[in-house]
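A closer look at the structure
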Amino acid sequence: MATLKVPAHVPAPSEDAEQLRKAFEGWGTNEKLIIDILAHRNAAQRNSIRKAYGEAYGEDLLTSLDKELSSDFERAVLLFTLDPAERDAFLANEATKRLTSSNWVLMEIACTRSSYELFNVRKAYHARYKKSLEEDVAHHTTGEYRKLLVPLVSAFRYEGEEVNMTLAKSEAKILRDKISDKHYSDEEVIRIVTTRSKAQLNATLNHYNSAFGNAINKDLKADPKDEFLKLLRAVIKCLTVPEKYFEKVLRQAINKLGTDERALTRVVTTRAEVDMVRIKEAYQRRNSVPLEKAVAGDTSGDHERMLLALIGAGDV
């Protein structure tokens, strides 16, 4: 459920490339034209524009954008223009760097992409960084975080809807026993959350709820200050109700003293073509304010216009 507004008649990639080149030439950059084109083309169309641009002008479109744009607007345009797998590879690599380190971004990519999407992220990572995502995550993390994150980014879960109820019941009991004993990073807990299909996990967690009278994430709140438990709860949320996870990331980014522009930009650019409709509904339900209004109140200028175009806020 995406909100991306692609016009009924889309110009040829070579025409879009020519228009973008015009936007870069002359006095000052035509930011509106850049938004009008790139924020209203799907991933395949953006890839074709990049190819046409490179062939016509001998320079990668991303390089030209990097020269012409700056700050939060530049980051939003560059992230959205990237192919989704390339984009995730870039974000994951950034998350393994000391100054931009984030276990949350790694978890988010591993748990909210389909098995095939995550596989393509790993391939894109190989191509761009000449090493594997798994080795960088393992090198960047330690202890229980490494124990959880390496299998998450390495996963290739079954994508079907088939569910084994006997297994769901037995694994719900395993989870309950380990959580009751506060063995949160036990290898059985890790095995279940990092290998089972999303459908199977849903069945297991539904059984957990009905058999033990509590949602698993309530039981994982035993120590509210425990950062590993926070991450584990987010894993469960991402695998079962990703729109609620993204709503919370957006709410926290917007409500923070001084907006967290990176988190806001990451969620909007990565979800615009996926589940933005559901995220907007979740945001409205939780905050009684439309997401567009919250974003408009917290951002400005071209960055605001780019984000609103991707959220699908009418005519921007």
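The shown structure was predicted, so the numbers you read here are calculated from the model rather than taken from an experiment. (Residues numbered from 1 in each chain as written. Predicted model: local features only at pLDDT ≥ 70, side-chain atom pairs only at ≥ 80, totals over all residues. Heavy atoms only, no water.)

**A few points about the UniProt feature "binding site: Ca(2+) 3" (unreviewed entry) in the chain**
UniProt tags D298 as "binding site: Ca(2+) 3" (unreviewed entry). Checked against the element boundaries, D298 lands in helix α19 (residues 291-298). Each residue touching D298, except ones within four places of it in the same chain, is listed here: I254, T259 and E261. (UniProt positions renumbered as here; feature names shortened; annotations may be inferred. Helix = DSSP H or I, 4+ residues; strand = E, 2+ residues; numbered from the N terminus. Contact = heavy atoms within 4.5 Å.)

**Comments concerning the UniProt feature "binding site: Ca(2+) 1" (unreviewed entry) in the chain**
Summarizing the sequence annotation, UniProt attributes the feature "binding site: Ca(2+) 1" (unreviewed entry) to F24, G26, G28, E68, I254, K256, G258, A296, T299 and E304 in the numbering used throughout. Across 281 residues in sequence, these annotated residues place their C-alpha atoms as far as 38.4 Å from one another, rather than forming a single compact spot. Mapped onto the elements of the fold, I254 is located in helix α16 (residues 242-255). You can see K256 is positioned in the loop between α16 and α17 (261-271).

**What about helix α1 (residues 13-24)?**
With 12 residues, α1 extends 17 Å from end C-alpha to end C-alpha; this agrees with the ideal 16 Å at 1.5 Å per step. Residues of α1 that are buried make contact with α2 (31-38), α3 (43-57) and α4 (61-68). Downstream of α1 by a residue or two, G26 has a phi angle that is positive, lying close to 80°. (Expected span 1.5 Å × (residues − 1).)

**Digging into a nonpolar patch on the surface**
On the surface, Y116, F119 and F156 cluster together into a nonpolar patch covering about 330 Å² of accessible area. By the secondary structure assignment, F156 is in the loop between α10 (143-154) and α11 (165-180). (Patch = residues over 30% accessible without salt bridge, like charges linked within 9 Å, V, L, I, M, F, W, Y side chains within 5 Å. Areas by Shrake-Rupley, 256 points an atom, 1.4 Å probe, with all protein chains shown as cover. Salt bridge = Lys/Arg side-chain N within 4 Å of Asp/Glu carboxyl O.)

**Structural notes on unusual backbone geometry**
The phi dihedral of K130 is positive, around 60°, even though this residue is not glycine. Among the structural elements, K130 can be located in the loop between α8 (115-129) and α9 (133-140).

**Some details on the side chain of S132**
When you line up the elements, S132 lands in the loop between α8 and α9. Beyond its immediate stretch of four places on either side in the chain, S132 contacts Y125 and H126.

**Considerations on α3**
Residue pairs spaced three or four apart in an α-helix point in one direction, given the helix's 3.6 residues per turn. Between the first and last C-alpha of α3 there are 21 Å, a value that for 15 residues agrees with the 21 Å anticipated at 1.5 Å per step. Among the residues making up α3, those that are buried are A43, R46, I49, R50, A52 and Y53. Packing partners of the buried residues in α3 comprise α1, α2, α4, α5 (71-81) and α6 (84-95). Between a side-chain oxygen at the N-terminus of α3 and the backbone nitrogen of A44 the separation is 3.2 Å; the capping residue is N42. (Buried < 20%, exposed > 50% of the residue type's maximum accessible area, 1.4 Å probe, protein only. Polar contact = N/O pair within 3.5 Å; in protein donor to acceptor, adjacent residues only side chain to side chain.)

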